[in-house]
Amino acid sequence: MGTGGDGEKAAPALPLEALLALGLDQRTAENALVNSKVTANLAAVIAEAGIKECDKSVGNLLYAVATKYPTNALVHRPVLIKYVLSTKIKNPAQLDAALSFLTNTGPDSLDVEKFEEACGVGVVVSIEEIKSTVTDVLEENMEAIKEQRYHINVGTLCGQVRKRHPWGDAKAIKEEIDKRLAEILGPKTEADNIKPVKKKKEKPAKVEEKKVAVATSAPPSEEELNPYTIFPQPEENFKVHTEIFFSNGNIWRVHNSKEILEKHLKATGGKVMTRFPPEPNGYLHIGHAKAMFIDFGLAKERNGHCYLRFDDTNPEAEKKEYIDHIQEIVHWMGWEPYKVTYTSDYFQALYEHAVELIRRGLAYVDHQTGDEIKEYREKKMNSPWRDRPIEESLKLFEDMRRGLIAEGAATLRMKQDMQNENKNMSDLIAYRIKFTPHPHAGDKWCIYPSYDYAHCMVDSLENITHSLCTLEFDIRRPSYYWLLVALGLYQPYVWEYSRLNISNTVMSKRKLNRLVTEKWVDGWDDPRLLTLAGLRRRGVSSTAINSFIRGIGITRSDNSLIRVDRLEYHIREELNKTAPRTMVVLRPLKVVITNLEEGKVLDLDGKMWPDASDTDASSHYKVPFSRTVYIEKTDFRLKDSKDYYGLAPGKSVMLRYAFPIKCTDVIYGDNPDDIVEIRAEYDPLKTSKLKGVLHWVAEPTPGIEPLKVEVRLFEKLFMSENPAELENWLGDLNPHSKEVIKDAYAVPSLASAVLGDKFQFERLGYFAVDTDSTPEKLVFNRTVTLRDSFGKAGPK
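What comes next is a walk through the structure. (Residues numbered from 1 in each chain as written. Predicted model: local features only at pLDDT ≥ 70, side-chain atom pairs only at ≥ 80, totals over all residues. Heavy atoms only, no water.)

### Some thoughts on the overall build of the protein chain
- The helix and strand tally for the protein chain stands at 24 helices and 25 strands.
- The buried share of the protein chain, reckoned over its 796 residues, is 50%.
- Put simply, 71% of the contacts in the protein chain that link residues at least 6 apart link residues at least 24 apart. (Helix = DSSP H or I, 4+ residues; strand = E, 2+ residues; numbered from the N terminus. Buried < 20%, exposed > 50% of the residue type's maximum accessible area, 1.4 Å probe, protein only. Contact = heavy atoms within 4.5 Å.)

### Quick word on the pairing of strand 12 (residues 588–593)
- Relative to strand 15 (residues 628–632), strand 12 runs antiparallel, the two being bridged by five bridges. What sits directly across from P588, in strand 15, is E632.
- Taken together, the three bridges between strand 12 and strand 18 (residues 675–682) define a ladder with parallel strand orientation. Paired with V591 across the bridge in strand 18 is I678. (Pairing = 2+ DSSP bridges.)

### Describing the pattern of salt bridges
- Evaluated as defined, the whole model comprises 51 salt bridges.
- For E568, the salt bridge is made with R572, and the minimal N-O distance between the two is 3.7 Å. Taken as a pair, E568 and R572 lie in helix 24 (residues 564–578) at a separation of four residues, close to a single helical turn. The same class applies to E568 and to R572, which are both buried.
- Via salt bridges that share partners, D525, R537, E710, R712, K742, D770 and D772 belong to a single interconnected network. (Salt bridge = Lys/Arg side-chain N within 4 Å of Asp/Glu carboxyl O.)

### Thoughts on the sheet that holds strand 21 (residues 707–714)
- Strand order in the open sheet made by the seven strands is 10-23-24-25-21-22-11, with mixed pairing throughout. Of all strands in the sheet, those bounded by a partner on one side alone are strand 10 (581–582) and strand 11 (584–585).
- Where strand 10 and strand 23 (residues 758–761) come together, two bridges link them in parallel fashion. Bridge assignment links R581 to a residue of strand 23, and that residue is Q760.
- Sitting on the sheet, helix 24 is in contact with strand 10, strand 23, strand 24 (765–769) and strand 25 (778–784), with an inclination near 120 degrees to strand 25. (Axes fitted to C-alpha atoms, helices over the stretch in contact; angles between N-to-C directions.)

### Quick look at the nonpolar core
- Formed by 49 residues in total, the largest nonpolar core has its most connected members in F231, F276, I286, M292, L532, I545 and F548.
- Of all the elements in the fold, those that place two or more residues in this core are helix 14 (286–301), strand 2 (305–310), helix 15 (320–332), strand 9 (493–497), helix 22 (532–538), helix 23 (542–552) and helix 24.
- Here the element with the most residues in this core is helix 14; it accounts for nine residues.
- Ignoring any residue separated from it by four or fewer positions in sequence, one finds F231 in contact with I294, L298, R302, H466, L468, Y493, W495 and I554.
- F347, Y431, I447 and L483 belong to the second largest nonpolar core, which has 40 residues in total. (Core = buried A, V, L, I, M, F, W, Y, C linked by side-chain atoms within 4.5 Å.)

### Here's the deal with the environment of L461
- Note that L461 resides in helix 19 (residues 451–461).
- A relative accessible area of 32% means that L461 is categorised as partly exposed.
- Taking the C-alpha atoms as reference points, L461 and A349, 112 residues apart in sequence, are found 9.0 Å from one another.
- Look past the residues within four positions of L461 in its chain and what remains in contact with it is Y346, A349 and H353.

### Observations regarding the packing of helix 4 (residues 56–68) against helix 6 (residues 92–105)
- Put simply, helix 4 and helix 6 touch, their axes get as near as 11 Å, and they point 25 degrees apart. With respect to helix 6, the element helix 4 is oriented roughly parallel. Where helix 4 crosses over helix 6, the handedness of that crossing is right-handed. Along its contact with helix 4, which presents L61, A64, V65 and K68, the element helix 6 presents P92, L95, D96 and L99.
- Taken together, the residues of the contact of helix 4 with helix 6 break down into six nonpolar, no polar and two charged. (Parallel < 35°, antiparallel > 145°, perpendicular 65-115°, else oblique. Left-handed = near helix turned anticlockwise from the far one by under 90°. Nonpolar A, V, L, I, M, F, W, Y, C, P; charged D, E, K, R; others polar.)

### Quick word on the sheet that holds strand 15
- Pairing within the open sheet is mixed, and its seven strands lie in the order 19-16-17-18-12-15-20. Only two strands of the sheet have a single neighbouring strand rather than two, namely strand 19 (693–694) and strand 20 (697–698).
- Two elements, strand 17 (residues 660–668) and strand 18, share seven bridges in a ladder whose sense is antiparallel. Bridge pairing in strand 18 links C663 to A680.

### Brief notes about the packing of aromatic side chains
- Under the defined criterion, the tally for this structure stands at 28 aromatic pairs.
- Look at F625 and Y682: their rings are 5.7 Å apart centre to centre, the planes differ by 55 degrees, and that puts the pair in the tilted class. Of the two residues, F625 is situated in strand 14 (residues 620–626) and Y682 in strand 18; the sequence distance between them amounts to 57 residues.
- You can call Y682 buried: its relative accessible area is 11%.
- Between the aromatic rings of F761 and F767, the centroid separation amounts to 4.2 Å while the plane-to-plane angle is 15 degrees, which identifies the pairing as stacked. Comparing F761 with F767 shows no difference in burial state: the two are buried.
- Aromatic rings pair up to connect F347, Y351, F397, Y431, W445, Y448 and Y453 into one cluster. (Phe/Tyr/Trp six-rings, centres within 6.5 Å; stacked < 30°, edge-to-face > 60°.)

### Section: empty space enclosed by the protein
- Inspection of the entire model under this criterion finds three cavities of 30 Å³ or more.
- As a volume, the largest cavity reaches approximately 170 Å³.
- For the lining of the largest cavity, the elements supplying multiple residues, two or more each, are helix 22 and helix 24.
- Of all the elements, helix 24 adds the most residues to the lining of the largest cavity, at four residues.
- Split into classes, the residues belonging to the lining of the largest cavity amount to six nonpolar, four polar and five charged.
- Its volume calculated, the second largest cavity comes out at about 120 Å³.
- Looking at the second largest cavity, it is lined by 13 residues, and the ones nearest its centre are Y451, H455, F473, R476 and Y480.
- Sorting the residues of the lining of the second largest cavity by element identifies helix 19, strand 8 (466–470), helix 20 (477–487) and strand 9 as the ones contributing at least two each.
- Here the element with the most residues in the lining of the second largest cavity is helix 19; it accounts for four residues.
- For the lining of the second largest cavity, the per-class residue count stands at six nonpolar, three polar and four charged. (1 Å grid on protein atoms, 1.4 Å probe; cavity = no way out; pocket = protein on both sides within 12 Å on 5 of 7 lines; lining within 4 Å. Points joined across faces, edges and corners; volume = space filled by probe spheres on them.)

### Examining the side chain of H620
- Residue position: H620 is located in strand 14.
- A relative accessible area of 13% means that H620 is categorised as buried.
- Of note is the side chain of H620, whose polar atom sits 2.7 Å from the backbone oxygen of D616.
- The contact partners of H620, leaving out residues within four places of it in the chain, are D605, G606, K607, M608, A612, S613 and D614. (Polar contact = N/O pair within 3.5 Å; in protein donor to acceptor, adjacent residues only side chain to side chain.)

### Brief notes about the packing of helix 16 (residues 347–359) against helix 18 (residues 390–401)
- Orientation of helix 16 relative to helix 18, taken along the N-to-C sense of each, is 160 degrees, at an axis distance of 9 Å. With respect to their mutual orientation, helix 16 and helix 18 come out roughly antiparallel. With respect to the hand of their crossing, helix 16 and helix 18 are arranged in right-handed fashion. Touching Y351, A354, V355, I358 and R359 of helix 16 are I390, S393, L394, F397, E398 and R401, all from helix 18.
- In the contact of helix 16 with helix 18, the residues fall into seven nonpolar, one polar and three charged.

Below you can see the structure in the form of C-alpha cells.
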C-alpha cells in the first residue's frame, strides 16, 4: 500500500522483462515502472504468485490485481491470486466481482462458498445459452435494428446479453451478435457506410414526428442517480463501518451504545451532520472540490447540516489569507456552511479530555526526541517513560501548558499498542509544545493538539454523523475509534473515498506551495494550476467543476488517475451553451481588399449563437467590414493543397459573416519569408461556394487599427501524466505552458467586456476576462480549446 500524503516509498527493482514475461504490452509495462506505487504492488503480486511468466490473459488479470486491489483486504490477496493462476477466475468481469466482494469483506475471514458464488467460479455459459439469449435480445430490439440497421449501438446490445450472462465470454457474445445482425440485415448498403449526422440538442423533436425506437441500456442504478445512497442514516450509527486496515475485524468493530446514540440523536434532531475540515495552510484545489461535494452534498441531499471547520492545530503554517480564501471559495463553489468553526474553538475541551486520558492511565508525558520515537516504533519498543506514574504525567502536562518546559523537551502521547502492525497505533502524539501565537486563539496556548488527537474528538463534540475523508486516512481509523472509546464519547460513521488525482498536474499542498513560493507559477490563482482560484481565474465555473465531480462519483479506487481531458469535457459542455461567439485574431496578417472603395465601411451582423434567428437583434453583434482586414498568419500559405482550407495565391475563402475573398498578390518584406501584406478582391454577390471559412477583424474606421487585446494561452503545466511520481518533478514543468500574445485584434463589441464575461473566440477556443484587465487594455485567458487536443472529447 502507499505511504499516503506526500511521503514516497521506494519501489523494489523490477526489470521491464519481468512485466513483459507476464504478457503485458510494452506501453503498459513501461507506464507501470514509472509509477512507484504500481511497481511496488506488482512486485508483491509477482512474489505472491511465485511465477516468472504466464500467458497474456492471466498476466493482465494479475496486473489488475496489483492496481485495483482494496488495501483493507490485503490478507486475502494471495487467495485471489491462486484463483487467477488456476483460471477459476479467468475474465475481467469475474475479477471485478471478486474485488468488490473482498472490499466488503475487508480483513474478516473469507467465506469461500459466498466468494465463489459472487464471482462466478465454476459457472460455465455454453455457446448455446449465448445464442439463445442473443436471439431474445435482438428480438426485443428488432424495431430499432430495422430502423438504424448497422448504425445500431452494438455495445448496448452486448451489454444487455452480459447483464443476463455476466460470466459469459464477451468475445463470443460480440461475435454472435455481429453474425446475427449480418443475417438479419444482409450486406451493408451505401447508406450503412455513411456516418450518421448527430442531431442538435437545442432543437427538440416536433410532437408530430415519429418516435424512433432505440436499443436502450439498463436504466441507471440508484447510486448513479444519487451517489449519496451508500451512506447510512444517523440512527444506524450503532454499527460503525468496520473496513479497517491492520484489523482482525473484531477489535475495531466498535459501536455506539443505545444511551450514547439516543443522546446524540436528541442533540441533532436526527439530522445528518457533516463537516468540511480544511487546514488553512494554502489555497484549495480541485481535490477539495470533491471533498466539498461529498461533505456539503450529503448534508444537502439529506436535509442536514455541514460545518466549515478549520483544522487549525498548527499555528506555524496557518495564515488569515488562507482562512479568508477558503470561506470565499466555499461560497463560490455553491455551498453554504451551517456554521464556521475552528478546531481551536475546542482547545479547552480538548485539553480537559487529555487530562482525563492521563487520569485513566491512557496517556503519558514523554521526553523522547523525534528520532528516538521513530526508532522505538520501528523496533516496537515502549518508551522509557511509558509507565511513569499518573500523577507525574499530570504535573508535567500542567507544566507544559504553563510554558515551563522547552519546545521539543516533552510531548503527551496516547498509550495505545506499540506491538500493533499499524504504526498509527504506536502511541501517537496528542500534544506538542510550540511557543507560537495562534492566528485564531491568540497567545493563550503554548501546547497544541495533533490532528490524530483533535480530529476525532471535535467530530464527536460537533455531533458529526458522517466523518468522510480520503483513503490515506483509512489506517488511522483504529486510532480514531480507540480515542473515542477510551473516553466514552459518541462515535461518528467513518468512510474513506479515493483522492482525486488528475493528470499533468500536482495536487499535494506541499508541492503547490513550492510552485508558488519559488515562483514557478504566478501565484495561487495562476490559471495553469488546478487550484479552485486558478480554475476560476481561467474562466471555469463552479457548476462545471461540480458536474465533473459528480461524473467521477464517490469511489474507493485508490489507483485511478483521471485525465484532465475529462474535466475539460465538462467545461466545454457548459461553455458551448453559455459563452457567446465573437471574433479575435491572435497573430494578425494584413489583407487589403483592393476592389472595395477607400473609406467605405460595411456594418455586418455576427451571430452570438449558431442557431440565432436572423430577426433576433439581441443575438447578434456588429462587425465592421472595411478595405483593410486582418486574418491569422496561419490561415495563409504560399502553396495550396487539397486538405488545406485557408487562403493561398489565386485561391478564394469565405470570411465569416462577410464575403468570399480571393488572393491576388503577396507583398513581401526584406526577405522572401517575410510576408507583410496580402492583396485580395472580394465577391460582393457571394457567388462562390467555398469550404474554407476564416475568422477575421477589420479596421473599424479607415486608418484606425482594430481593438487591441492581450490573450494568454495555457497548456498543461507538466509534460508527464503523473509528475508527482517523478523524483525531479519540477524538471517536468512544461516550458510552453503559458504564451502571452500582447497585440491581438478584436471586434469592437468586445470593448465592453468586463470581469466575469466569457466568450467563444471562433475557431480559437473559449476565453474569459482576466483580473489583470484595465480600462485601457483587456486581457483574456483561454479557458479551454474548442476540441480535446489529446483525442475524442467526452467522458472517459
